[in-house]
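Letter by letter, the chains look like this.
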Amino acid sequence: MAGSALRRLMAEYRQLTLNPPEGIIAGPISEENFFEWEALITGPEGTCFEGGVFTAKLVFPPDYPLSPPKMRFTCEMFHPNIFADGRVCISILHAPGDDPLGEDIYTHVYKYLTFFFYEEPNDESGANVDAAIMWRENREEFNKIAKRIVRKTLGLHS
């Protein structure tokens, strides 16, 4: 199974290299282990994370894409669907059996590197309860925290 996962990851890496998505650089940490990747993600225009440069690590399972990767931000993040330790917890990272729609929508690295920036977060059962409550009840304060984090990713101080 790991052989087909490796072929899949190599194909996705080749696609990311030949047709790089705007604002994302991602790839294996080393040639010896194609199952651990690092990524730089630029916060997209029109979001409260616009202009930030966020670092993350992805670890792919040996049966990818049948099982999702684990993704963790290695920089500070404040988001309803990201735990305080940086682990991403969003529906596209769940195994297909856990998806209420039964869709296999995490089969492209690009999708889960950017999904949480563009979609409305799940603030009903958020991984970061404080961020979820603030997103729902005090968006202005949430945006201020996000902008502070953006400045921090750029090495700027508030």
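Residues numbered from 1 in each chain as written. Predicted model: local features only at pLDDT ≥ 70, side-chain atom pairs only at ≥ 80, totals over all residues. Heavy atoms only, no water.

Here the focus is the overall build of the protein chain. Along its length, the protein chain carries four helices and four strands. Along the protein chain, helices and strands appear, N-terminal first, in the series α-β-β-β-β-α-α-α. With 158 residues in all, the protein chain has 41% of them scored as buried. At a minimum sequence separation of 6, the contacts of the protein chain that also span at least 24 residues come to 53%. On the protein chain, roughly 9000 Å² of surface is accessible, and the fraction owed to carbon and sulfur atoms is 53%. (Helix = DSSP H or I, 4+ residues; strand = E, 2+ residues; numbered from the N terminus. Buried < 20%, exposed > 50% of the residue type's maximum accessible area, 1.4 Å probe, protein only. Contact = heavy atoms within 4.5 Å. Areas by Shrake-Rupley, 256 points an atom, 1.4 Å probe, with all protein chains shown as cover.)

Here the focus is the packing of aromatic side chains. Applying the stated criterion across every chain, the model contains nine aromatic pairs. Relative to Trp-37, the ring of Tyr-13 has its centre 5.8 Å away and its plane inclined at 80 degrees; by these criteria the two rings are edge-to-face. Residue Tyr-13 is found in helix H1 (residues 2-18), and its partner Trp-37 is found in strand E2 (residues 33-42); the two are separated by 24 residues along the sequence. Its relative accessible area of 30% is what places Tyr-13 among the partly exposed residues. In this structure an aromatic cluster arises from ring pairing among Tyr-13, Phe-34, Trp-37, Phe-60 and Tyr-64. A cation over a ring is seen here: Arg-87 above Phe-83, with NZ or CZ 4.2 Å from the ring centre. The ring of Trp-135 has Arg-139 lying over it, and the distance from NZ or CZ to the ring centre is 3.6 Å. (Phe/Tyr/Trp six-rings, centres within 6.5 Å; stacked < 30°, edge-to-face > 60°. Lys NZ or Arg CZ within 6 Å of the ring centre and 35° of its normal.)

Let us now look at the confidence of the model for the protein chain. Of the residues in the protein chain, 82% reach a pLDDT of 70 or more, and the chain-wide mean stands at 83. Taken as a whole, residues 98-107 scores under 50 in pLDDT and shows 20 contacts with residues more than four places along the chain or in a different chain. (pLDDT = per-residue confidence, 0-100.)

Okay, the pairing of strand E1 (residues 24-30) next. Pairing analysis gives six bridges linking E1 to E2, with the strands arranged antiparallel. Across the sheet, Gly-27 pairs through a bridge with Glu-38, a residue of E2. Count of turn residues in the E1/E2 antiparallel hairpin: two residues. (Pairing = 2+ DSSP bridges.)

What follows is about unusual backbone geometry. In this model, Tyr-64 is joined to Pro-65 through a cis peptide bond whose omega is 5 degrees. Structurally, the position occupied by Pro-65 is in the loop between strand E3 (53-59) and strand E4 (70-73).

It is worth spelling out the sheet that holds E3 at this point. Strand order in the open sheet formed by four strands is E1-E2-E3-E4, and the pairing between neighbours is antiparallel. Strands at the two margins of the open sheet, each flanked by one partner only, are E1 and E4. Each adjacent strand pair in this sheet contributes to an overall mean axis angle of 25 degrees, direction not counted. Where H1 meets the sheet, its contacts fall on E1 and E2, and the angle it forms with E2 comes to roughly 30 degrees. (Axes fitted to C-alpha atoms, helices over the stretch in contact; angles between N-to-C directions.)

Where helix H3 (residues 129-137) contacts helix H4 (residues 139-153), the axes come no closer than 6 Å and their chain directions differ by 125 degrees. By the angle between their directions, the pair H3 and H4 is classed as oblique. In this structure, H3 uses Ala-131, Met-134, Trp-135 and Glu-137 to contact H4, whose residues at the interface are Arg-139, Glu-141, Phe-142 and Ile-145. The residue makeup of the contact of H3 with H4, split by class, is five nonpolar, no polar and three charged. (Parallel < 35°, antiparallel > 145°, perpendicular 65-115°, else oblique. Nonpolar A, V, L, I, M, F, W, Y, C, P; charged D, E, K, R; others polar.)

Another aspect to go through is the pairing of E2. Pairing of E2 with E3, which is carried by seven bridges, proceeds in the antiparallel orientation. Within the sheet, the bridge partner assigned to Thr-42 lies in E3 and is Val-53.

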